[in-house]
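If you want the building blocks of each chain, they are given just below.
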Amino acid sequence: MNADSLDGRLLFAIPKKGRLHEKCLELLAGADIQFRRHHRLDVCLVKNHPMALVFLPAADIPSFVGKGNVDLGITGHDVILEAKMEEHVAEVLQLNFGKCALQVQVPEAASIKSVEDLAGKRVVTSFEVLAGEYFGKLDDSRNLVGDGRTKIEYVSGSVEAACALGLADGIVDLVESGDTMRAAGLHAISTILQTEAVLIKANLTKHAEHVSLINLITSRIAGVVAAGRYVICEYNIPRDKLHTATAITPGRRAPTISPLEDEDWLAVSAMVEKGRTAVVMDELVKIGAEDVLIFNLDNCRV
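Computed from a prediction, not measured in an experiment: that's the story for all the values here.

1. Overview of a positive patch on the surface
Where like charges cluster on the molecular surface, the positive patch consists of Lys 99, Arg 229, Arg 252 and Arg 253. In this fold, Lys 99 is placed in the loop between β5 (89-94) and β6 (100-107). Judged by its relative accessible area of 45%, Lys 99 is partly exposed.

Okay, here's the thing in structure tokens:
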């Protein structure tokens with residue numbers, strides 16, 4: 001592959017490894033973006049669109065997109081803020097995966113019980129910018145100056161080991177389930193931000209000819225995300241209970257209501273959030289619904 005083979009193609013940056021990579025591949029498959037990545041190559045051509053995928057470290061993607069080197073990208077909301085690129089990129093879609101929290105953690109056995117107790121001490125993190133901004137505001141509010149201010153030290157990994165090794169009094173790191181932190185004897189005393197994977201594009205479009213394809217890919221990915229978030233709930237309900245039933249299943253816009261051969265009954269179909277499926281089914285049965293069925297969505301456009 002050479003530079004000429006990329007001419008005229010939309011460039012889409014994907015995390016090359018880490019916590020977002022596998023989910024991104026599933027998302028691309030769901031959006032019917034067909035490609036074959038050759039071993040050790042970080043650029044590959046898409047077979048069914050004038051597009052190429054560029055596999056990059058997630059931390060670099062906001063800069064590549066914001067500067068117009070690539071047209072679209074997937075990365076974490078936290079990564080955008082850490083790269084100070086929030087004014088240069090637009091978060092087009094939240095992708096409903098890679099959800100975690102950037103938290104301040106300290107040893108369970110320590111005397112530090114709040115971030116105010118940690119102010120002025122040593123903090124180790126991979127998020128130097130976000131941690132610096134957070135503790136900078138905290139130090140200012142407590143009138144800490146000079147050597148009395150919080151010391152932020154950067155490490156690239158294994159942040160949770162810093163306190164046990166005597167390198168820090170507290171850490172700032174991403175937490176998903178919290179199991180790793182608990183295993184290291186740490187607990188959270190503050191959450192700086194909630195984050196998840198997002199689809200981004202540059203605020204200023206560098207290649208106007210790619211706008212229609214950007215919109216198409218965005219629509220397809222939005223459909224995959226929605227299909228993962230919702231199910232279809234279908235059921236039969238007595239006509240006099242319809243108002244109560246549709247309050248339970250209002251759908252995204254409105255439920256679909258169809259007559260049955262028995263005039264006293266109606267059939268209802270509505271989109272329901274996947275996480276509420278069991279509760280919705282229970283509530284429908286309580287008011288007299290019958291034949292309550294749930295169908296998964298492979299894809300959709302909403």
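Right, picking up where we left off after that structure.
2. Regarding the sheet that holds strand β10 (residues 186-195)
Taken together, five strands build an open sheet; the order of strands is β8-β7-β9-β6-β10 and the sheet is mixed. Whereas interior strands pair on both sides, the edge strands pair on one side only; in this sheet they are β8 (151-154) and β10. With strand direction ignored, the average angle separating the axes of adjacent strands in the sheet is 25°. Of the pairings in the sheet, the one linking β6 to strand β9 (residues 170-175) comprises five bridges and is antiparallel in character. Looking at β9, one finds that Gln 103 is bridged to Asp 173.

3. Here's the deal with helix α9 (residues 277-286)
Inspection of α9 places Thr 277, Val 280 and Leu 284 among the buried residues, and these make up the whole buried set. The buried residues of α9 occupy an angular sector of 65° when projected down its axis, which confines them to one face. Facing away from the buried side of α9, by more than 90 degrees, are the exposed residues Ala 278, Val 285 and Lys 286. On its buried face, α9 is in contact with β12 (230-238), α8 (242-248), β14 (265-273) and β15 (290-296). Where α9 ends, the next residue or the one after it, Gly 288, has phi of about 105°, a positive value.

4. Observations regarding the UniProt feature "domain: ATP phosphoribosyltransferase catalytic" (unreviewed entry) in the protein
Here the UniProt-annotated "domain: ATP phosphoribosyltransferase catalytic" (unreviewed entry) positions come out as residues 58-221. Across residues 58-221 one finds 28% helix and 30% strand; the C-alpha atoms that close the span lie 19 Å apart.

5. Details of the domain arrangement of the protein
Domain boundaries in the protein define domain 1 (3-98 + 197-206), domain 2 (100-195) and domain 3 (231-295). Relative to domain 2, the C-alpha centre of domain 1 lies at a distance of 30 Å. Summed over the three residues of domain 1 that lose the most area to domain 2, namely Asp 78, Leu 81 and Glu 82, the buried surface amounts to 60% of that side. At the surface where domain 1 touches domain 2, the tally comes to zero salt bridges. Linking domain 1 with domain 2 are six residue pairs in polar contact (both at pLDDT 80 or more). If you tally residues by element for the side of domain 1 that touches domain 2, the top one is helix α3 (residues 77-82), at four residues. Residue composition of the side of domain 1 that touches domain 2, by class: one nonpolar, three polar and four charged.

Rules and cut-offs
- Residues numbered from 1 in each chain as written.
- Predicted model: local features only at pLDDT ≥ 70, side-chain atom pairs only at ≥ 80, totals over all residues.
- Heavy atoms only, no water.
- Patch = residues over 30% accessible without salt bridge, like charges linked within 9 Å, V, L, I, M, F, W, Y side chains within 5 Å.
- Areas by Shrake-Rupley, 256 points an atom, 1.4 Å probe, with all protein chains shown as cover.
- Salt bridge = Lys/Arg side-chain N within 4 Å of Asp/Glu carboxyl O.
- Lys, Arg positive; Asp, Glu negative; His and termini not counted.
- Charge placed at Lys NZ, Arg CZ, Asp CG, Glu CD.
- Helix = DSSP H or I, 4+ residues; strand = E, 2+ residues; numbered from the N terminus.
- Buried < 20%, exposed > 50% of the residue type's maximum accessible area, 1.4 Å probe, protein only.
- Pairing = 2+ DSSP bridges.
- Axes fitted to C-alpha atoms, helices over the stretch in contact; angles between N-to-C directions.
- Arc of directions from axis to C-beta.
- Contact = heavy atoms within 4.5 Å.
- UniProt positions renumbered as here; feature names shortened; annotations may be inferred.
- Domains from an automatic or database assignment.
- Buried area = accessible area lost by both parts, 1.4 Å probe.
- Polar contact = N/O pair within 3.5 Å; in protein donor to acceptor, adjacent residues only side chain to side chain.
- Nonpolar A, V, L, I, M, F, W, Y, C, P; charged D, E, K, R; others polar.

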